[in-house]
Amino acid sequence: GQNIDQPTEMTATEGAIVQINCTYQTSGFNGLFWYQQHAGEAPTFLSYNVLDGLEEKGRFSSFLSRSKGYSYLLLKELQMKDSASYLCAVRDRNYGQNFVFGPGTRLSVLP
Amino acid sequence: DTEVTQTPKHLVMGMTNKKSLKCEQHMGHRAMYWYKQKAKKPPELMFVYSYEKLSINESVPSRFSPECPNSSLLNLHLHALQPEDSALYLCASSQDPGTDYGYTFGSGTRLTVV
């Protein structure tokens, strides 16, 4: 089965950098995705990692270590609009290549 | 068109009602999904359609009945729901089930069962 863990809540200051961690355990790992979800809205795709290393996309970067079952999402130059939930989702071969979402991390950006 | 459109946005229904949720995409995606999301919880997969065939049914109660009339449309028929079924119902699509590009989600239908 799947076991995905993320911190429940985080708080950071506008302009700062924040790192949101995600750990997972599965024998069928086939990619990890990060999504942003504002309250009451749909999740939006942020990034995808299937190989070890860092993927950078503007203010957002995502890192993966498959041997450690670990990923993080790095948000730089935080803005108030970055206040949202951040969901990591693992694509699992044991689950028909579908996603299993982690519990999500609620990030609050303060002025 | 790069969107997944869901209707209605809000729905209030009684426990004896029959209603349907609709989802539409015109991106040529061949996989479509229904998720259920309770407040402050992650989305939970309910159904997956791949090339218009139901490929995954996550032990969802029969009071939820999915339908995929064609590659652009996905319906979720609701009948005799319970108050605990109140949630945000999200539709998503992807190029195919093993996509590297993530899912595109619709904005959801907020369902309240009274």
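The coordinates are above.
This structure is a prediction, so every number in the text was calculated from the model and none was measured. (Residues numbered from 1 in each chain as written. Chains lettered and ligands numbered in written order. Predicted model: local features only at pLDDT ≥ 70, side-chain atom pairs only at ≥ 80, totals over all residues. Heavy atoms only, no water.)

## Considering the interface of chain A and chain B
Phase 1: On the chain B side, the residues contacting the 20 residues of chain A number 23 residues.
Phase 2: Interface area for chain A against chain B, summed over the two sides, is near 1,600 Å², with a carbon-plus-sulfur share of 56%.
Phase 3: Together, Tyr 95, Asn 98 and Phe 101 of chain A form the three largest contributors to the area buried by chain A at its contact with chain B, with a combined 28%.
Phase 4: Our enumeration of links across chain A and chain B arrives at zero salt bridges.
Phase 5: At the boundary of chain A with chain B, the tally comes to two residue pairs in polar contact (both at pLDDT 80 or more). (Contact = heavy atoms within 4.5 Å. Buried area = accessible area lost by both parts, 1.4 Å probe. Salt bridge = Lys/Arg side-chain N within 4 Å of Asp/Glu carboxyl O. Polar contact = N/O pair within 3.5 Å; in protein donor to acceptor, adjacent residues only side chain to side chain.)

## Some thoughts on the pairing of strand S10 (residues 98-101) of chain A
Residue and element names in this part refer to chain A.
Phase 1: Of the two faces of S10, the one carrying Asn 98 and Val 100 and the one carrying Phe 99 and Phe 101 are both buried.
Phase 2: Both strand S9 (residues 84-92) and S10 contribute to a ladder of four bridges, which runs antiparallel. Among the inter-strand pairings, Arg 91 is bridged to a residue of S10, identified as Phe 99.
Phase 3: Hairpin connection between S9 and S10: a loop of five residues separates the two successive antiparallel strands, and Gly 96 in this loop has a positive phi of roughly 65°. (Buried < 20%, exposed > 50% of the residue type's maximum accessible area, 1.4 Å probe, protein only. Helix = DSSP H or I, 4+ residues; strand = E, 2+ residues; numbered from the N terminus. Pairing = 2+ DSSP bridges.)

## A short note on the pattern of salt bridges
Any two side chains of opposite charge can pair, so long as their charged atoms come close to each other.
Residue and element names in this part refer to chain A.
Phase 1: On inspection of all chains with the given rule, the structure shows six salt bridges over all chains.
Phase 2: The salt bridge partner of Glu 9 is Arg 106, with a shortest N-O separation of 2.7 Å. Of this pair, Glu 9 sits in strand S2 (residues 9-13) while Arg 106 sits in strand S11 (residues 105-110), placing them 97 residues apart in sequence.

## What to know about the pairing of strand S7 (residues 60-65) of chain A
All names here are of chain A.
Phase 1: Counting buried positions over the six residues of S7 gives five, a clear majority of the element.
Phase 2: Note: strand S6 (residues 53-57) against S7, five bridges, orientation antiparallel. When the bridges of S7 are listed, Glu 56 appears paired with Ser 61.
Phase 3: Between S6 and the antiparallel strand that follows it, S7, lie two residues; Gly 58 among them carries a positive phi value of about 65°.
Phase 4: Note: S7 against strand S8 (residues 70-75), six bridges, orientation antiparallel. In the sheet register, Ser 61 faces S8, and the bridge partner there is Leu 74.
Phase 5: Two successive antiparallel strands, S7 and S8, enclose a turn made up of four residues, where Gly 69 displays a positive phi of approximately 60°.

## Points about the sheet that holds strand S8 (residues 73-79) of chain B
All names here are of chain B.
Phase 1: Spatial strand order, S1-S3-S8-S7: four strands in an open sheet with antiparallel pairing. At either end of the open sheet lies a strand with only one pairing partner, and these are strand S1 (4-7) and strand S7 (64-70). Adjacent strand axes in the sheet meet at a mean angle of 20°, parallel and antiparallel pairs treated alike.
Phase 2: Relative to S8, strand S3 (residues 18-25) runs antiparallel, the two being bridged by seven bridges. In the strand pairing of S8, Lys 18 is matched with His 79. (Axes fitted to C-alpha atoms, helices over the stretch in contact; angles between N-to-C directions.)

Remember, this is a structural readout, not a statement about activity or role.
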